[in-house]
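This is what each chain is made of:
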Amino acid sequence: MSGLLGVQCVLLLWGCLMLPRLSHEAVLVSLEEAANTELANGAPRSLQKRSTDNNMVEVYSVTVDCAVTSRFAHTVMTSKAMNKANSSQEIFFQVELPKTAFITNFSMEIDGRVYVGVVKEKEKAKKEYETAVKAGQTAALVKASGRKMEKFSVSVNIAALTNVTFTLTHEELLQRKRGQYEILTRVQPKQRVQEFKIVTNIYEPQGISQVDVHSTFLSNELLPLVEKTVTDTKAHISFSPTLEQQRSCPDCEGTLINGDFIVKYDVKREKDLGDIQIINGYFVHYFAPSKLRPVPMNVVFVIDTSGSMYGRKIAQTRDAMLEILQDLQEQDHFGIITFDHRIMPWQPTMQQATNQTVEEAKRFIRALRDNGGTDINDAVLKAVEMIHTARRSEKLPQRSADTIILLTDGMPNSGESDTAIIQKNVEKANNRNMSLYCLGFGNDVQYSFLDVMAQENKGFARRIFEDSDAAIQLQDFYEEVSSPLLLEVDLKYPVNTVDFLTTNHFNHLFNGAEIIVAGRLMDASIDNFPVEVFGVGNEDYQVQGQASVLDWGVMYPDEEYIFGDFTERLWAYLTIQQLLDKSKTDSGLEKENSKAKALEMSLKYNFVTPLTSMVVTKPESDDPPLVADKLTEEQRQMAERMIPKHTSYPTHTSYVPHRYTHPTYLAFPNPVVDGDPHFLIELPDREDALCFNINNKPGTIFTLVKDQESGILVNGQIIGDKAIPPGGQINTYFSRFGIVHKALGVKLEVSTQDISVFQDSKWVSLLWSGTASLKGPNLDLLLTKDRSLTVTLKDSVKFVILLHKVWEKHPYNRDYLGFYTLDSHLLSPNVHGLLGQFYHSIEFEVSDMRPGESPEKPDATMFVKGHQLNVTRGWQRDFRNNIKNGVKIPCWFIHNNATGLIDGEANDYIVSGLFKTF
């Protein structure tokens, strides 16, 4: 493919914590509206017939800027190219990323205009590219690529003498395997590049114990180009060959370096309690104690020997099992069951792993032959019975791990063949007493069946790829699970201190692995809180201690792009992954709730997950939109089956409708202003809400939020209807908001027409007519076309502003704005304003329920702030998840401009300017 950019980056476990800053002169444009974009002077861009003249397309920069901060990886890959021709050229961008990572951003900057991909619910994205599918065009940007990677590729038609910059960002929580974290970059350039750079920065406050760097292509001449600097808590690795040094043979013209650049590292583990970091209202707990002896294993190997295992599969299984048996410890007990349409145990009972029994088992394995059908049901049930029998007869150590490892390459077609019934049978017989690990060999196995069955029985599934190294894959898997250090691990935190906790009970902690738990603090100002860890090992394991807040500004004063946001995104990443796993084993309403919550968080944090897609519309093109998806293992498997026949892979199998659920930030009071102007204070702890209206003349400006300690100010100006309807009265709405953060030097003005941002002494303007993502050192903005603006202030609160579009010919109503607060608990206790005074808590009592003016709206008496008020039960609408109709929220309505509920009078909150204080 001509014009292919200079490097394909295959990133197994790595990341970046710094997004490239957009220049303040750049114009941000949604990729959705890019097809109709005009130049700044109003003249439409004219493109000639596309060409792919390789000599006229220069890729002059490829950079991979990687950083890992406390295991959380944020990766930015950037490629820059120029069309040197006098006609338009097709320029390609292609990279590979780990299948466990979530894409969070993709953008193209062309002549100062930045086109940004939009993350949407998958069902909505599907509709947008259905036209492309019907036209027979490839609509997927992401395709399966090998075992661990996904390939992202896109092309764009570039006008003559024009530059383009591609930027792809993804995030991932690194998983420790066999005692190491691995960062791998695959270098496969299609041409030499003027600037080629791989930079990896590792920041681990726990302390770095080791860092190793090696590569499959580093010659003696290239080895000095690898720079490695390691201190107690930081590591910096870079590789930046010159144009001449990018040859695989220094004196051979036309050759290119090609291979893997690998960084492996681990951290110090001096505390039995593990490492706990509390940053910006979120905490993360890493637990992997050292110096523990493995717990004995009781393992039954259940091996498929049906006819489909003919040839290399059965040979590789034999080779792997011979090595695995050799690795058994004398304290372990084991059994072997082979099956086709028959069930054939090696021995009727569990055997201790002595030299004699291991040698006898090897002779049995060497004689394995393929034949017959596939009776998975009876084979697994036989393994469960074998362990149960050994337990009842007290043949097994009391403190030991019971495990079944199933290896199969096909569908059950003998005995019970209904996979749902097999799952129920196994779950009932096992009763979660032992762990079941399911290994699916090849492409014909029904992976989803194995995946669910394993998760229902304290295990997980793994695909074994039908390649020359399949035996090594099996051995590597067994090495991961063969040395459990602790069983039934519980990590406990104060109930009244933490909410929205990720999974904190684990069936196993294996040697070389790590347990990670994250959560949000109910009190962001907490200095320390107690932590306890319990587990069952060779002895009962119990440790406890205190965790303290870390001041990252002090720890890393020179690293401005490292701040508390990473703990929140780590928590979100982990929560989404666990919700997706949970939805596989849930049923009915619980399943839908798990998916709905995962979808909500995916959209909130701009993650491309199996429930969302990134829609990319090419600039200046009539091409249909393309879609970047997160492939499921079933989709990857399906793609592999189709490789001999097709070049495009299916990317969608199911779509989950968006459901309204309370967002995670509703653990604290959540004040809202929306409508005429309706103020709504949701009180999740009471499962109740308060609401009121503030009436005044159009043009009046109110202070909504004022926090002197943090320097945050939010003012809002109201606007009136175009005219008073017959027999009615004029309504007022918020039409402008001014947001200031003095400490960060940020000023933001939002109106119904546009958004203006002041930062670093410059103004940048955005239009509601486009979708854009603007990320800076102190402020992040996420603009969704004609719908919402999410404002994230560094180390502080977030706001969402909704745009309510009204038919422009409506005789009375106008466009207006709604204002919603996220993570209000991060503001100081002294925050004030019409909304700010309700951010933390409010005490009230309601009694004397009685009929009101409307039968469906009863009146009551409220006692609040020393006042006795007449209130009415009614409803207000929350528009966050349904901007057209809203969701009805029941609330107690306080009359007379909320007199008695708010401090002072409504007029006390009036100011003279959008950025003035009262």
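These figures come from a predicted structure and were not determined experimentally.

About the criteria used
- Residues numbered from 1 in each chain as written.
- Predicted model: local features only at pLDDT ≥ 70, side-chain atom pairs only at ≥ 80, totals over all residues.
- Heavy atoms only, no water.
- Helix = DSSP H or I, 4+ residues; strand = E, 2+ residues; numbered from the N terminus.
- Buried < 20%, exposed > 50% of the residue type's maximum accessible area, 1.4 Å probe, protein only.
- Areas by Shrake-Rupley, 256 points an atom, 1.4 Å probe, with all protein chains shown as cover.
- pLDDT = per-residue confidence, 0-100.
- Contact = heavy atoms within 4.5 Å.
- Pairing = 2+ DSSP bridges.
- Axes fitted to C-alpha atoms, helices over the stretch in contact; angles between N-to-C directions.
- Parallel < 35°, antiparallel > 145°, perpendicular 65-115°, else oblique.
- Left-handed = near helix turned anticlockwise from the far one by under 90°.
- Nonpolar A, V, L, I, M, F, W, Y, C, P; charged D, E, K, R; others polar.
- Expected span 1.5 Å × (residues − 1).
- Arc of directions from axis to C-beta.
- Patch = residues over 30% accessible without salt bridge, like charges linked within 9 Å, V, L, I, M, F, W, Y side chains within 5 Å.
- Salt bridge = Lys/Arg side-chain N within 4 Å of Asp/Glu carboxyl O.
- Lys, Arg positive; Asp, Glu negative; His and termini not counted.
- Charge placed at Lys NZ, Arg CZ, Asp CG, Glu CD.
- Core = buried A, V, L, I, M, F, W, Y, C linked by side-chain atoms within 4.5 Å.
- Disulfide = S-S within 2.5 Å.
- Phe/Tyr/Trp six-rings, centres within 6.5 Å; stacked < 30°, edge-to-face > 60°.
- Lys NZ or Arg CZ within 6 Å of the ring centre and 35° of its normal.
- Right-handed = clockwise from strand over helix to strand, strands pointing away.

**Examining the overall build of the protein**
And then number 1: Scanning the protein from N- to C-terminus turns up 11 helices and 52 strands.
And then number 2: The buried share of the protein, reckoned over its 918 residues, is 57%.
And then number 3: Of the roughly 37,400 Å² of accessible surface on the protein, a fraction of 47% belongs to carbon and sulfur atoms.

**Quick word on the confidence of the model for the protein**
And then number 1: Looking at the protein as a whole, the pLDDT averages 83, with 86% of positions reaching at least 70.
And then number 2: Predicted confidence for residues 644–667 stays below pLDDT 50, and this span has 80 contacts to residues more than four positions away or in other chains.

**Remarks on the environment of Lys775**
And then number 1: Mapped onto the elements, Lys775 comes out in strand β43 (residues 772–775).
And then number 2: Each C-alpha atom, one on Lys775 and one on Thr792, is 9.3 Å from the other, the two residues being 17 residues apart in sequence.

**Re the sheet that holds strand β17 (residues 275–279)**
And then number 1: Taken in spatial order, the four strands line up as β17-β18-β29-β27 in an open sheet, and their pairing is antiparallel. On the outer flanks of this sheet lie β17 and β27 (498–499), each paired with one strand and no other.
And then number 2: As defined by bridge partners, β17 adjoins strand β18 (residues 282–287) across five bridges and the pair is classed as antiparallel. Across the sheet, residue Ile276 finds its bridge partner in β18, namely His285.

**Examining the packing of helix α9 (residues 565–585) against helix α10 (residues 588–604)**
And then number 1: α10 packs onto α9 with a crossing angle of 155 degrees between their chain directions and a minimal axis gap of 8 Å. One element, α9, and the other, α10, form an angle in the roughly antiparallel class. The way α9 lies across α10 gives a crossing that is left-handed. Between α9 and α10, the contacting residues are Trp571, Ala572, Thr575, Ile576, Leu579, Leu580, Lys582, Ser583 and Lys584 on the first element and Lys591, Ser594, Lys595, Lys597, Ala598, Met601 and Ser602 on the second.
And then number 2: Of the residues assigned to the contact of α9 with α10, the class counts are seven nonpolar, four polar and five charged.

**A look at helix α3 (residues 355–366)**
And then number 1: The first and last C-alpha atoms of α3 sit 17 Å apart over 12 residues, in line with the 16 Å expected at 1.5 Å per residue.
And then number 2: Of all the positions in α3, only Thr357, Val358, Ala361, Lys362 and Ile365 are classed as buried. For α3, the arc enclosing every buried residue in end-on projection is 140 degrees, short of the 170-degree limit, so these residues lie on one face. Along α3, exposed side chains directed more than 90 degrees from the buried face belong to Asn355, Gln356 and Arg363.
And then number 3: The elements touched by buried residues of α3 are β19 (297–304), α2 (312–326), β20 (333–339) and β22 (351–352).

**Let's talk about a negative patch on the surface**
And then number 1: Taken together, the side chains of Asp319, Glu323, Asp327 and Glu479 present a region of like negative charge at the surface.
And then number 2: Here Asp319 shows up in helix α2.

**Observations regarding the nonpolar core**
And then number 1: Core analysis: the largest hydrophobic core is formed by 59 residues, its most contacted members being Phe106, Phe152, Phe166, Leu168, Phe239 and Tyr265.
And then number 2: Per element, the largest residue contribution to this core is six residues, and it comes from strand β2 (residues 57–69).
And then number 3: Phe702, Trp768, Phe799 and Ile894 belong to the second-largest nonpolar core, a separate cluster that totals 57 residues.

**Notes on the state of the cysteines**
And then number 1: Within this structure, the stated rule accounts for one disulfide.
And then number 2: Paired through a disulfide, Cys691 and Cys891 show a sulfur-sulfur distance of 2.1 Å. Linking Cys691 and Cys891, the disulfide has an S-S dihedral of approximately 70 degrees and is accordingly described as right-handed. Of this pair, Cys691 sits in strand β36 (residues 688–693) while Cys891 sits in strand β51 (residues 887–894), and the two are 200 residues apart along the sequence. Here the two residues Cys691 and Cys891 agree in accessibility, since each one is buried.

**Let's talk about the environment of Ile208**
And then number 1: The topology assignment puts Ile208 in strand β13 (residues 208–215).
And then number 2: On a C-alpha basis, the gap between Ile208 and Val230 in space is 8.2 Å, while along the polypeptide they are 22 residues apart.
And then number 3: Those residues in contact with Ile208 that sit more than four places away from it in its chain are Ile202, Val230, Thr231, Asp232, Thr233, Lys234, Ala235, Asp266, Val267 and Lys268.

**What to know about the pairing of strand β35 (residues 678–683)**
And then number 1: The buried fraction of β35 is high, at five of six residues.
And then number 2: Note: strand β34 (residues 670–674) against β35, five bridges, orientation antiparallel. Across the sheet, the residue bridging to Pro671 is Ile681, located in β35.
And then number 3: Counted between consecutive antiparallel strands, the loop separating β34 from β35 contains three residues, among which Gly675 sits at a positive phi close to 90 degrees.
And then number 4: Both β35 and β36 contribute to a ladder of six bridges, which runs antiparallel. Along β36, the bridge assignment pairs Leu683 with Asp688.

**Some details on the packing of aromatic side chains**
And then number 1: Tallying each qualifying case throughout the model produces 30 aromatic pairs.
And then number 2: Centroid distance Tyr437 to Phe460: 4.9 Å. Interplanar angle 70 degrees. Geometry classified as edge-to-face. Of this pair, Tyr437 sits in strand β24 (residues 435–441) while Phe460 sits in the loop between α6 (447–455) and β25 (461–464), placing them 23 residues apart in sequence.
And then number 3: Ring geometry for Tyr605 versus Phe607: centroids 6.3 Å apart, planes at 25 degrees, classification stacked. The pair Tyr605 / Phe607 is uniform in exposure class, with both members buried.
And then number 4: Among the aromatic side chains, those forming a connected cluster through ring pairs are Phe72, Phe102, Tyr282, Trp571, Tyr573, Tyr605 and Phe607.
And then number 5: It is Arg71 that lies over the ring of Tyr286; its NZ or CZ is 3.9 Å from the centre.

**Digging into the sheet that holds strand β30 (residues 528–536)**
And then number 1: Strand order in the open sheet made by the four strands is β28-β26-β30-β31, with antiparallel pairing throughout. At either margin of the open sheet sits one strand with a lone partner, and together these are β28 (505–510) and β31 (540–548). Going from strand to strand, the sheet's axes swing by 30 degrees on average, the running direction of each strand aside.
And then number 2: The pairing of strand β26 (residues 484–492) with β30 spans four bridges and is classified as antiparallel. Following the sheet pairing, Lys492 is matched in β30 by Glu532.

**Some remarks on the pairing of β20**
For a regular strand, the rule is simple: side chains alternate between the two faces of the sheet.
And then number 1: Among the seven residues of β20, seven are classified as buried, and the element is accordingly described as predominantly covered.
And then number 2: Neither face of β20 is exposed, since His333, Gly335, Ile337 and Phe339 on one face and Phe334, Ile336 and Thr338 on the opposite face are all buried.
And then number 3: Bridge count between β19 and β20: seven bridges; the pairing is parallel. Note that in β20 the partner of Phe301 across the bridge is Ile336.
And then number 4: Following the chain from β19 across α2 to the adjacent parallel β20, one finds a crossover that is right-handed.
And then number 5: As paired elements, β20 and β22 share two bridges and run antiparallel to each other. Residue His333 lies in a different strand from β22, and its bridge partner there is Gln352.
And then number 6: Taken together, β20 and the strand that follows it, strand β21 (residues 343–345), pair antiparallel across an intervening segment of three residues.

**Describing unusual backbone geometry**
And then number 1: A positive phi angle is found at Asn431, which is not glycine, with a value near 55 degrees.
And then number 2: Considering the arrangement of structural elements, one finds Asn431 in the loop between α5 (419–430) and β24.
And then number 3: Accessibility expressed as a relative area gives 55% for Asn431, which makes it exposed.
And then number 4: With phi around 60 degrees, Asn606 is a residue other than glycine that occupies positive phi space.
And then number 5: Within the fold, Asn606 resides in the loop between α10 and β32 (612–616).
And then number 6: Given a relative accessible area of 14%, Asn606 falls into the buried group.

**Description of α2**
And then number 1: For α2, which comprises 15 residues, the first-to-last C-alpha distance of 21 Å matches the rise-based estimate of 21 Å (1.5 Å per residue) to within 8%.
And then number 2: Listing the buried residues of α2 in full gives Lys313, Ile314, Gln316, Thr317, Arg318, Ala320, Met321, Leu322, Ile324 and Leu325.
And then number 3: Contact partners of the buried residues in α2: β19, β20, α3, β23 (401–408), β24 and α7 (470–481).

**A short note on the pattern of salt bridges**
And then number 1: Tallied over the full model, the rule gives 34 salt bridges.
And then number 2: One salt bridge in this structure joins Asp586 and Lys582, with 2.8 Å as the shortest N-O distance.
And then number 3: Owing to a relative accessible area of 13%, Asp586 belongs among the buried residues under this scheme.
And then number 4: The structure contains a network of salt bridges with shared partners spanning Arg71, Arg176, Glu204, Asp266, Arg269 and Glu514.

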